[in-house]
Amino acid sequence: MRYIFSIVVVAMLISTTQAQKLTSPSSEFKLNFELDAEGTPVYSLNYKGDQVIAKSKLGLELVDDERSLMDGFEIKEVTNSTFDNTWTPVWGEQSEIRNHYKEMAVTLAQANMDRHIIIRFRLFDEGLGFRYEFPQQDNLVYFVIEEEHTEFAMTGDHTAFWIPGDYDSQEYDYTTSKLSEISDRFDDALTGNASQEQFSKTGVQTSLMMKTEDGLYINLHEAALKEYSLMNLNLDESNLTFTSWLTPDAIGNKGYLQAPAVSPWRTIMVSDDATDILSSNMTLNLNEPNALEDTSWIKPIKYMGVWWEMITGKSSWNYTDELPSVKLGETDYSKTKPNGRHAANTEHVKDYIDFASEHGFDALLVEGWNEGWEDWFGKSKDYVFDFVTPYPDFDVEEIQDYAASKDIEMMMHHETSGAIRNYERHLDTAYQFMNKFGYTSVKSGYVGDIIPRGERHYGQWAINHYLYAVKKAADYKIMVNAHEAVRPTGLRRTYPNLIGNESARGTEFQAFGGSKPNHVTILPFTRLIGGPMDYTPGIFEMDISKLNPDNNSHVNSTIANQLALYVTMYSPLQMAADLPENYRRFMDAFQFIKDVAVDWEESHYLEAEPGEYITVARKDKQSSSWYVGNVNGTTPRKTKIDLNFLEKGKTYAATIYADAKDAHYKTNPQAYKISTKTVTSKSTLKLKSAPGGGFAISIKEK
Ligand code: NOJ
Ligand code: CA
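Residues numbered from 1 in each chain as written. Chains lettered and ligands numbered in written order. Predicted model: local features only at pLDDT ≥ 70, side-chain atom pairs only at ≥ 80, totals over all residues. Heavy atoms only, no water.

**Considerations on a negative patch on the surface**
A surface patch of negative charge is lined by Glu181, Asp184, Asp236 and Glu237. Mapping aspartate 236 onto the fold places it in strand E18 (residues 231-236). Owing to a relative accessible area of 35%, aspartate 236 belongs among the partly exposed residues under this scheme. (Patch = residues over 30% accessible without salt bridge, like charges linked within 9 Å, V, L, I, M, F, W, Y side chains within 5 Å. Areas by Shrake-Rupley, 256 points an atom, 1.4 Å probe, with all protein chains shown as cover. Salt bridge = Lys/Arg side-chain N within 4 Å of Asp/Glu carboxyl O. Lys, Arg positive; Asp, Glu negative; His and termini not counted. Charge placed at Lys NZ, Arg CZ, Asp CG, Glu CD. Helix = DSSP H or I, 4+ residues; strand = E, 2+ residues; numbered from the N terminus. Buried < 20%, exposed > 50% of the residue type's maximum accessible area, 1.4 Å probe, protein only.)

**Focus: the coordination of the calcium ion (ligand 2)**
Coordination of the calcium ion (ligand 2) by the protein comes from Glu171 (OE), Glu171 (OE), Glu484 (OE), Glu502 (OE), Glu502 (OE) and Glu508 (OE), over a distance range of 2.3 to 3.2 Å. Sequence spacing of the donors to the calcium ion (ligand 2): E-x312-E-x17-E-x5-E. Taken as a pair, glutamate 484 in the loop between strand E27 (479-483) and strand E28 (498-501) and glutamate 502 in the loop between E28 and helix H9 (559-568) lie far apart in primary sequence, 18 residues in all. (Donors = N, O, S within 2.8 Å, 3.2 Å for Na, K, Ca; no water.)

**What about the pairing of strand E34 (residues 652-659)?**
When you tally the buried positions in E34, you get seven out of eight residues, the bulk of the element. Here E34 pairs with strand E35 (residues 672-679) via eight bridges, running antiparallel. In the sheet register, isoleucine 656 faces E35, and the bridge partner there is serine 675. Strand direction decides the pairing type here: E34 and strand E37 (residues 694-701), joined by seven bridges, are antiparallel. Pairing of tyrosine 657 across the sheet is with alanine 696, part of E37. (Pairing = 2+ DSSP bridges.)

**Some thoughts on the pattern of salt bridges**
Scanning all chains against the criterion turns up 33 salt bridges. In this structure, lysine 55 engages glutamate 34 in a salt bridge whose closest nitrogen and oxygen atoms are separated by 2.9 Å. Linking lysine 55 in strand E5 (residues 50-57) with glutamate 34 in strand E3 (residues 29-35), this pair joins segments that are 21 residues apart in sequence. For glutamate 701, the salt bridge goes to lysine 650, with nearest N and O atoms at 3.6 Å. In this pair, glutamate 701 sits in strand E37 while lysine 650 sits in the loop between strand E33 (637-642) and E34, placing the two residues 51 residues apart along the sequence. Classification of glutamate 701 as partly exposed rests on a relative accessible area of 35%.

**Let's talk about the sheet that holds strand E31 (residues 613-620)**
Strand order across the open sheet formed by six strands is E30-E31-E32-E37-E34-E35, with antiparallel pairing between neighbours. Both edges of this open sheet fall to strand E30 (600-609) and E35, since each of them pairs with a single strand only. Strand after strand, the sheet turns through a mean of 15° between neighbouring axes, direction not considered. Sheet analysis places strand E32 (residues 626-632) next to E37, joined by six bridges and oriented antiparallel. Within the sheet, the bridge partner assigned to glycine 629 lies in E37 and is alanine 696. (Axes fitted to C-alpha atoms, helices over the stretch in contact; angles between N-to-C directions.)

**Digging into unusual backbone geometry**
Going from threonine 206 to serine 207, the amide bond is cis rather than trans, its omega being 0°. Considering the arrangement of structural elements, one finds serine 207 in the loop between strand E15 (203-204) and strand E16 (208-211). With omega at 5°, the peptide bond leading from alanine 259 into proline 260 counts as cis. Its place among the elements puts proline 260 in the loop between strand E20 (256-258) and strand E21 (261-262).

**Remarks on helix H6 (residues 396-405)**
Those residues of H6 that sit buried are Val396, Ile399, Gln400 and Ala403. In an axial view of H6, the angular spread of the buried residues amounts to 100°, which keeps them on one side of the axis. Exposed residues pointing more than 90 degrees away from the buried face of H6 are listed as Glu397, Asp401 and Ser405. Aspartate 407 sits one or two residues past H6 and shows a positive phi near 60°. (Arc of directions from axis to C-beta.)

**Here we look at the site of ligand 1**
Near ligand 1 there are 14 residues, and of these Glu367, Glu415, Lys443, Glu502 and Glu508 occur at the shortest range. In the environment of ligand 1, an oxygen atom lies 2.8 Å from a nitrogen or oxygen atom belonging to the side chain of tryptophan 307. In the environment of ligand 1, an oxygen atom lies 3.0 Å from a nitrogen or oxygen atom belonging to the side chain of histidine 483. In the complex, the protein chains occlude 96% of the 300 Å² of accessible area that ligand 1 would expose alone. When the residues that make up the shell around ligand 1 are grouped by side-chain class, the tally is six nonpolar, two polar and six charged. (Near = heavy atom within 4 Å. Polar contact = N/O pair within 3.5 Å; in protein donor to acceptor, adjacent residues only side chain to side chain. Nonpolar A, V, L, I, M, F, W, Y, C, P; charged D, E, K, R; others polar.)

Everything listed here is a matter of coordinates, which is why it stays silent on function.
Below, the structure written as structure tokens:
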């Protein structure tokens, strides 16, 4: 492993109100920090000479605290340093990551309270990260956060790609609007299970992507969210200033801290080139290094699932349609009537194993294998899952043996129904069950209100649980893919067994009425800034009524667009989500899904515009092959891509999976054309993408 490390520390012991300045390694960013007349910390940020964050206040309001950590501060000490090293992720978009920043740690004291905090700024070539630190001291021991008041003052009425600032769901389509239009557009933006009382009509989630009138791209998010509540942003429309808005607990408090403690990093990325936002590693670099000694058991996975047929309503998770009258584990299934639609039955699972094995997949997910689904929305909370009791038609051992004989790993599924304490009580036995039967990864889920009632999906209590489940999984050498959990903030660097999250509107919504056709051109700028998404691409049959006559949903995407997602939506966990019978109809297109890699040596972001298009090229970590993906919004588009990323002097065979001339996500989504071409690093390719379309290219050395 290449390891460059340099650190220069200059500490100034001062007592001053003088402005403190920090410049990024490339000198493109300049940070200014000072105290105002009340002793409130204030920062501003310039990029290439223009102000991108106007003067913005910093501070925290505490419960039952005379003064809070808001004002009355003096600067006690300023420590400057430079950091530069290169590290090797266990898996990722590239095999080596440089972490290069300049740091300024400002110690602020509230003199008459005899207590102090540190605000630590790290300025990278992509932008700024900063956090609050609470060192151990006599006069700040346990404290409760009433609210964090971190401001992000915008310098204009930017265009924003936003979803409402919910405390429990991120599964929204994005709205594109001016900042000043957020409140007007808010009611339309609310879909799904959101309740408006939860938040203000100017509250939005991070990662928030914006574009200024001058063509600057600004992204606000957070990194290393642990032991703290998630931050939404609330906009003051009168001055276009966002302020942090933490997720409350059941009694309205926003966080319980004990010094020494730190807040998550607040991040601001800025560039005049949108591809820089996609290629940035700032979020990862602000997280702690890998905490797991042995990572040999952590592996990227390409999988299929007994899943889409339940999502579309063709089959069911539950075994019977009768509501259980007894506690889980006590139901006598020989006395219940099977509904005949239970997909997780041994014979059917074996058919999936055959298909997945024949086409070279690593794993198979099976949902609805365990008792409890008759009441999984939790009408009677006595009937909660125990994660170890299979339905009578699911033979765990027989399936495990069969899968092993076909070189397929079974992927476990734990739907918790949001009953977090119940899950924690069963966690050890659930993971032991997985170890015993050879399951190496688990998809977990947190559908419904969090139990105990009143807690929120993104409050500190639930956030502590998600990490607890991931750490404990590591003890059992289990990889975790959590759905409905808090959106990622780069923790995968520290816990690389966290191989996936949903935490956004995934493909399932294409079967719940559809998603906007440009959704996948926004997600990499928003949700994926924090980490990979289990988006579950690969749908070939767009007319869902063909699977379930009662479901009239339409998948708003072409087949070529579905293929491109394996490259544009980075994830070490990629699913081929459709049914085998739909793949059998399009085996030539399915070839791309079979071929595409899931772990990368390098990634090149060729062109991008949020809401419009993204084109990415990645090189397989295991071979000399490259894969290119383009996803397109609703405007038909022509592009020319330069293959200069290929190794010079080598000749490659490119297979191009493109939209046919008349393809369209709505009217003609299955129209694609496959062509082949010999290419080198000097080649360029001219390609067209249909509305809601795109292209995928595999490039193999000859
Ligand atoms: C919602 C998840 O996103 C989906 O993938 C899963 O199948 C269901 N919950 C059931 O757990
Ligand atoms: Ca979900």
